[in-house]
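Residue-level listing of the chains:
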Amino acid sequence: MDFSELIKKRQSVRNFNGKTIDRDILDKCVEAARLTPSACNAQPWKFVVVDNPELVKKVASCTYGPIARFNKFTDDAAAFAVIVIEPGTLASIAGAVYSNLDYAYMDLGMAVEHFCLQAAELELGTCILGWFKPKEIKRLLNIPMRKKVGLLIAIGYEKEPRIRAKSRKATEQMSSYNKY
Ligand SMILES: Cc1cc2nc3c(=O)[nH]c(=O)nc-3n(C[C@H](O)[C@H](O)[C@H](O)COP(=O)(O)O)c2cc1C
């Protein structure tokens, strides 16, 4: 698939059909994340893929609460990727302090997008989740409490696949040449 087509195809999917996902498909998405560039090649991530149906349901229930219900759609997800932030290298940590920029979060964001783009190419829907209950997820998946969960990806096949138009800032608003 042409890359510009793939970018349009990748969208947040919030209507999963419940169909299970083959491991080799999930493995390809993990491989795409593995190849992501990162500051000083620190690769400060661990992708915990959850595809055990019972655990999937439990992770889903950690992505919404009685008031914040907007992630309730994850009840129909077939899998999750839970991305844990791992320590960087000495060089990436020193660089981040010197630059006052959090490279680990940037790295993580790119790895998540690699995962989602690969998933889209394989006709698999994803939704990146920044809202979840970190303590409950850590308890569920034996992630040490001192570690930080950066993002989740809800994964599944879309009920009625349809590419939506993207709602984005205008090009002139988000970019310029030669001056701010
Ligand atoms: C860091 C991050 C956190 C997000 N958290 C959520 C979330 O908790 N729930 C949700 O439904 N969508 C979430 N999204 C999806 C965004 O709402 C979505 O990417 C954005 O509206 C653009 O739409 P698109 O992904 O369909 O192109 C998140 C996206 C990112 C990048």
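Located above this text is the structure these notes cover.
Cut-off values and rules
- Residues numbered from 1 in each chain as written.
- Predicted model: local features only at pLDDT ≥ 70, side-chain atom pairs only at ≥ 80, totals over all residues.
- Heavy atoms only, no water.
- Near = heavy atom within 4 Å.
- Polar contact = N/O pair within 3.5 Å; in protein donor to acceptor, adjacent residues only side chain to side chain.
- Areas by Shrake-Rupley, 256 points an atom, 1.4 Å probe, with all protein chains shown as cover.
- Pairing = 2+ DSSP bridges.
- Helix = DSSP H or I, 4+ residues; strand = E, 2+ residues; numbered from the N terminus.
- Axes fitted to C-alpha atoms, helices over the stretch in contact; angles between N-to-C directions.
- Contact = heavy atoms within 4.5 Å.
- Buried < 20%, exposed > 50% of the residue type's maximum accessible area, 1.4 Å probe, protein only.
- Left-handed = near helix turned anticlockwise from the far one by under 90°.
- Nonpolar A, V, L, I, M, F, W, Y, C, P; charged D, E, K, R; others polar.
- Phe/Tyr/Trp six-rings, centres within 6.5 Å; stacked < 30°, edge-to-face > 60°.
- Lys NZ or Arg CZ within 6 Å of the ring centre and 35° of its normal.

## Comments concerning the site of the ligand
Within the structure, the ligand sits among 15 residues, and R10, S12, R14, N71 and R168 are positioned closest to it. Contacts to the ligand include N71, whose side-chain N or O atom sits 2.7 Å from a nitrogen atom. The backbone of I128 places a nitrogen or oxygen atom 3.1 Å from a nitrogen atom of the ligand. Surface burial for the ligand is 63%, taken as the share of its 620 Å² of free accessible area covered by protein chains.

## Some points on the sheet that holds strand β1 (residues 45-50)
One open sheet holds the 4 strands; their spatial order is β1-β2-β4-β3, and the pairing between them is antiparallel. This sheet does not close on itself; its edge strands, each paired only once, are β1 and β3 (125-129). Across the sheet, the mean angle separating the axes of adjacent strands is 20° when strand polarity is ignored. Of the strand pairs in this sheet, β1 and strand β2 (residues 79-85) are connected by 6 bridges, and their pairing is antiparallel. The residue bridging V50 from the neighbouring strand is F80, located in β2. Where helix α5 (residues 103-121) meets the sheet, it contacts β1, β2, β3 and β4 (148-156), and its direction lies at approximately 10° from that of β4.

## Thoughts on the side chain of T63
For T63, the location among the structural elements is in the loop between α3 (53-61) and β2. Look at T63 and you get buried, because its relative accessible area is 0%. Among the polar contacts listed, one links the side chain of T63 to the side chain of T74, at a separation of 2.8 Å. In this view, T63 contacts N71, T74, F80, L129, W131, F132 and L152; residues no more than four positions away in its chain are not counted.

## Looking at the packing of helix α2 (residues 23-34) against α5
Where α2 contacts α5, the axes come no closer than 7 Å and their chain directions differ by 145°. Crossing of α2 against α5: the hand is right-handed. Within the contact between the two elements, α2 uses K28, C29, V30, A32 and A33 and α5 uses A111, H114, F115, Q118 and A119. Here the residues of the contact of α2 with α5 are counted per class, giving 7 nonpolar, 2 polar and 1 charged.

## Some thoughts on the packing of aromatic side chains
Tallied over the full model, the rule gives 3 aromatic pairs. Taken together, a centroid distance of 5.9 Å and an interplanar angle of 15° make the contact between F47 and F115 stacked. Here F47, found in strand β1, pairs with F115, found in helix α5; they are 68 residues apart in sequence, far enough to count as distant. What makes F115 buried here is its relative accessible area of 0%. Pairing F70 with W131 gives two aromatic rings, centres 5.9 Å apart and planes at 75°, and the pair type is edge-to-face. With F70 in the loop between α3 and β2 and W131 in the loop between β3 and α6 (134-141), this pair connects stretches of sequence that are 61 residues apart. The aromatic ring of Y157 is capped on one face by K19, whose charged end is 4.3 Å from the ring centroid.

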